[in-house]
Amino acid sequence: MDKRDVSRLLSEIAVLLELRGDNAFRVRAYENAARVIDALAEDLGVRVEAGTLTELKGIGEAIAGNISEYWRTGAMTFYEGLVDATPPGYLEMIRIPGLGAKKVRALGEALGITSVAALKRAAEKGEIRDLKGFGAQSEKKILKGIALLESGAGRFLAGAIRPIAENLLDSLRARDDVEAAEIGGSLRRWAETVKDVDLLVATRKPAAVTKAFLALAPEATVIASGETKTSVRLASGLAIDLRLVAPSEFPFALHYFTGSVAHNIRIRARAQDRGMSLNEYALSGKRHAAVKTETDLFRVLGLPYIEPELREDRGEIEAAEGEALPRLVREQDMRGILHCHTTASDGKSTLEEMGAAAAARGAEYLGIADHSASARYANGLSEAELKRQEKAIDAWNASSATLRILKGSEVDILPDGTLDYPDSVLERLDFVVASIHTSFAMSDDAMTARIIRALRNKYVSILAHPTGRLLLQREAYRLHLDEVLRVAGEEGVVVEINANPHRLDLDWREAMAARARGVRFAVNPDAHHVSGYDDIRYGIGVARKAWLTPKDVINTLPVEKALAVMRERR
Ligand code: DGT
Ligand code: CA
Ligand code: ZN
């Protein structure tokens, strides 16, 4: 068990309390405790043993007792009691985007609805709209939410799954009887959501490796286990497929199980055109040099190596053929981190902590962009508070020789398209991030006009999370994205690829199209805690999927050049 398990359980308790209509104060206390534990820098076990949990702000006696019980025994009586008292369908219903605990309870109590399927039927028959607190609009919203849930059904956030897959990979690679091991499938292609984990191992001892793999996930349900493939399912519902091949088969299997299906089909046809036949395990037909790696496989087919991120049949085979593959941006190319928060607004790490952690990662500059004044939801900074932060940044810069902190702000784009600080404030800042956090429910025309008006403000450097989507949770707000991106390109406003694995916004498909029209990008962690820097890799994954090179991403520039781009229109 680690602190993430504890934090997750505390969040679940908050939801369960809400579902039974418990008082809001208690709900908030558990939500808060979950955040505190998640952000804890020290060893949770040490605190449990020492009995000092209550010294943490936000952890009272009751919560501390529950955490200790869970840590010591792996179970929590309080949690189990709550689960028993909650109709099982409620937890399924609350996963419908836009449907809160209060409404779930109201539906259960008034109409006896305790499953998503029953809710869908009732909404389709128009039975929800007459319920107190609902209406025709919210009935429509419920149906839309169910559709969204169904479209993401059975998929997982890649950011939540990758650490699990990498841990398994490390353990497998450490074995002497494993000659090679890789993650395949959509995860290797850095897709934003994945259906399952595909692991691939080259070994001469499949039985021993299979046994070791099963021991790595002792609580998993075994779906199937044979000589060449073992599938297990974790408690979360995530399936993990382990495929075992002979070392000589590995490059073919790795390529095949990396996909995508569309890329594979094209590659197989290419082999056939050349008088060869390609399958998961071998290439046969014409005589050819030994294929030991994927690079060899591509070479035999007359192509340079194609990076997994590009294998979506979006022109990568043609580009490879014409020696026109892009030199994709890498995490090591990044010199600067932009768009980060601190405890001044809704962050959990201080300015100094954020600075020290950025320097420790080797960053040359860090752009702080806390929320603006009207952002009540995120403890936005008043003009006076912003000024105080500017002073703190001056002090940092006067004493740090390695990392420069840039003064910025994440300024709300207000419903009318004006910005949340006057120009006289914005002009003092090194850079300005503009984004939408309120009034999502506008017509597409109004939303487009709103954002474009903000883009025309010459102080705006970066448009952050341009569509507002939350993967598997919330759709993008309605807007004419093409037009917004066209204006961003025209105005020279940098477009963010928000690296938070819940967002990954701008989407890679859109970024790919926008790049062709000359839009420049920033890959930003939107970190609210020092641990948020680790998300940068997911943003890089998106950038690479969009074919971006270091030139397309301003974080690769030295600080003066990055500043020049962000201040170009002043
Ligand atoms: P996912 O799991 O939905 O996130 O996406 P993938 O791409 O990981 O799909 P998955 O796990 O069903 O299969 C892994 C790879 O195996 C896939 O990317 C390509 C290969 N593959 C699966 N089915 C087929 C197929 O019918 N034809 C070909 N050519 N390749 C396939
Ligand atoms: Ca897969
Ligand atoms: Zn932010």
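Residues numbered from 1 in each chain as written. Chains lettered and ligands numbered in written order. Predicted model: local features only at pLDDT ≥ 70, side-chain atom pairs only at ≥ 80, totals over all residues. Heavy atoms only, no water.

(A) Expanded view of the overall build of the chain. Within the chain, the regular secondary structure consists of 24 helices and 16 strands. On C-alpha atoms alone, the chain measures out to a radius of gyration of 26 Å, which is about the 25 Å that the 2.2 N^0.38 rule sets for 570 residues. Judged by the C-alpha coordinates and their principal axes, the chain covers about 75 × 60 × 55 Å. Within the chain, buried positions represent 52% of all 570 residues. Within the chain, one finds 78 positive and 82 negative side-chain charges whose respective centroids are separated by 3 Å. (Helix = DSSP H or I, 4+ residues; strand = E, 2+ residues; numbered from the N terminus. Rg over C-alpha atoms; globule rule 2.2 N^0.38 Å. Buried < 20%, exposed > 50% of the residue type's maximum accessible area, 1.4 Å probe, protein only. Lys, Arg positive; Asp, Glu negative; His and termini not counted. Charge placed at Lys NZ, Arg CZ, Asp CG, Glu CD.)

(B) Region of the structure containing the coordination of the zinc ion (ligand 3). Ligation of the zinc ion (ligand 3) by protein atoms is provided by His339 (NE2), His341 (NE2), Glu410 (OE) and Asp526 (OD), these donors lying 2.1 to 2.2 Å from the ion. One way to put it: the 4 donor atoms around the zinc ion (ligand 3) meet at angles of 84 to 172°, and that makes the site irregular. Coordination of the zinc ion (ligand 3) draws on donor residues from a single chain, spaced H-x1-H-x68-E-x115-D in sequence. Of this pair, histidine 339 sits in strand E10 (residues 336-340) while glutamate 410 is found in strand E12 (residues 404-412), placing the two residues 71 residues apart along the sequence. Glutamate 410 gets classed as buried once you look at its relative accessible area, which sits at 1%. (Donors = N, O, S within 2.8 Å, 3.2 Å for Na, K, Ca; no water. Tetrahedral: all angles 85-135°; square planar, octahedral: opposite > 155°, others 65-115°.)

(C) Representation of helix H9 (residues 136-151) within the structure. When the terminal C-alpha atoms of H9 are compared, their 23 Å separation across 16 residues agrees well with the 22 Å that a helix rising 1.5 Å per residue should span. When we look at burial in H9, the residues that qualify are Ser138, Glu139, Ile142, Gly145, Ile146, Leu148 and Leu149. Buried residues belonging to H9 abut helix H7 (101-111) and helix H8 (116-124). (Expected span 1.5 Å × (residues − 1). Contact = heavy atoms within 4.5 Å.)

(D) Just the site of ligand 1, in detail. Taken together, 16 residues lie around ligand 1, and Arg155, Ser186, Arg189, Lys195 and Asp196 are the ones closest in. One of the side-chain nitrogen or oxygen atoms of serine 186 is found 2.5 Å away from an oxygen atom of ligand 1. Note that a nitrogen atom of ligand 1 is positioned 3.3 Å from one of the side-chain N or O atoms of tyrosine 256. Taking 590 Å² as the accessible area of ligand 1 by itself, protein coverage stands at 73%. Counting only elements with at least two residues in the shell around ligand 1, the list comes to helix H11 (185-188), strand E4 (196-203), helix H13 (250-258) and helix H14 (261-273). (Near = heavy atom within 4 Å. Polar contact = N/O pair within 3.5 Å; in protein donor to acceptor, adjacent residues only side chain to side chain. Areas by Shrake-Rupley, 256 points an atom, 1.4 Å probe, with all protein chains shown as cover.)

(E) Representation of the nonpolar core within the structure. The biggest cluster of nonpolar side chains holds 86 residues, and the ones touching the most others in it are Leu366, Ile451 and Phe521. Two domains each provide a minimum of three residues to this core, namely domain 3 (251-321) and domain 4 (331-567). Once residues within four sequence positions are removed from consideration, leucine 366 is found in contact with Ile337, Cys340, Met354, Gly355, Ala358, Leu403, Arg404, Ile405, Leu406 and Tyr533. (Core = buried A, V, L, I, M, F, W, Y, C linked by side-chain atoms within 4.5 Å. Domains from an automatic or database assignment.)

(F) Geometry of the packing of helix H1 (residues 3-19) against helix H4 (residues 61-73). Relative orientation of the contacting elements H1 and H4 amounts to 130°, with a least axis distance of 11 Å. In terms of orientation, H1 and H4 fall into the oblique class. Crossing angle aside, the handedness with which H1 passes H4 is right-handed. Residues Lys3, Asp5, Val6, Leu9 and Leu10 of H1 form the contact with H4, whose own contacting residues are Ile63, Ile67, Tyr70 and Trp71. Counted by class, the contact of H1 with H4 contains 7 nonpolar, no polar and 2 charged residues. (Axes fitted to C-alpha atoms, helices over the stretch in contact; angles between N-to-C directions. Parallel < 35°, antiparallel > 145°, perpendicular 65-115°, else oblique. Left-handed = near helix turned anticlockwise from the far one by under 90°. Nonpolar A, V, L, I, M, F, W, Y, C, P; charged D, E, K, R; others polar.)

(G) Spatial organisation of the domain arrangement of the chain. With domains assigned, the chain is organised as domain 1 (3-150), domain 2 (156-245), domain 3 (251-321) and domain 4 (331-567). Each of domain 1 and domain 2 has a C-alpha centre, and these two points are 31 Å apart.

(H) The arrangement of the sheet that holds strand E6 (residues 229-233) in detail. Taken together, the 5 strands give an open sheet; going across it, the order is E2-E4-E7-E6-E5, and neighbouring strands pair in mixed fashion. In this open sheet, the two edge strands, each paired with only one partner strand, are strand E2 (178-183) and strand E5 (221-225). Ignoring strand direction, the axes of neighbouring strands in this sheet form an average angle of 20°. Sheet strands in contact with helix H10 (residues 158-173) are E2, E4 and strand E7 (239-245), and its direction is about 175° off that of E2. (Pairing = 2+ DSSP bridges.)

(I) Local environment of the pattern of salt bridges. By the definition in use, this model includes 39 salt bridges. Salt-bridge contacts for arginine 129 lead to glutamate 139; the nearest nitrogen and oxygen are separated by 2.7 Å. With arginine 129 in the loop between H8 and H9 and glutamate 139 in helix H9, the pair connects residues that are 10 residues apart, well separated along the chain. Salt-bridge contacts for glutamate 179 lead to arginine 204; the nearest nitrogen and oxygen are separated by 2.4 Å. (Salt bridge = Lys/Arg side-chain N within 4 Å of Asp/Glu carboxyl O.)

(J) Just the side chain of threonine 210, in detail. Considering the arrangement of structural elements, one finds threonine 210 in helix H12 (residues 206-216). Apart from residues lying up to four places away in sequence, threonine 210 is in contact with Ser225, Gly226, Thr230 and Leu244.

(K) Unusual backbone geometry, seen in detail. Of note, the amide linkage connecting glycine 259 to serine 260 takes the cis form, showing an omega dihedral of 0°. Mapped onto the elements of the fold, serine 260 is located in the loop between H13 and H14. Although it is not a glycine, histidine 339 adopts a positive phi angle of roughly 60°. On the accessibility criterion, histidine 339 (0% relative accessible area) is buried. Unusually for a residue other than glycine, aspartate 526 sits at a positive phi of about 50°. Among the structural elements, aspartate 526 can be located in the loop between strand E16 (521-524) and helix H23 (536-545). You can call aspartate 526 buried: its relative accessible area is 7%.

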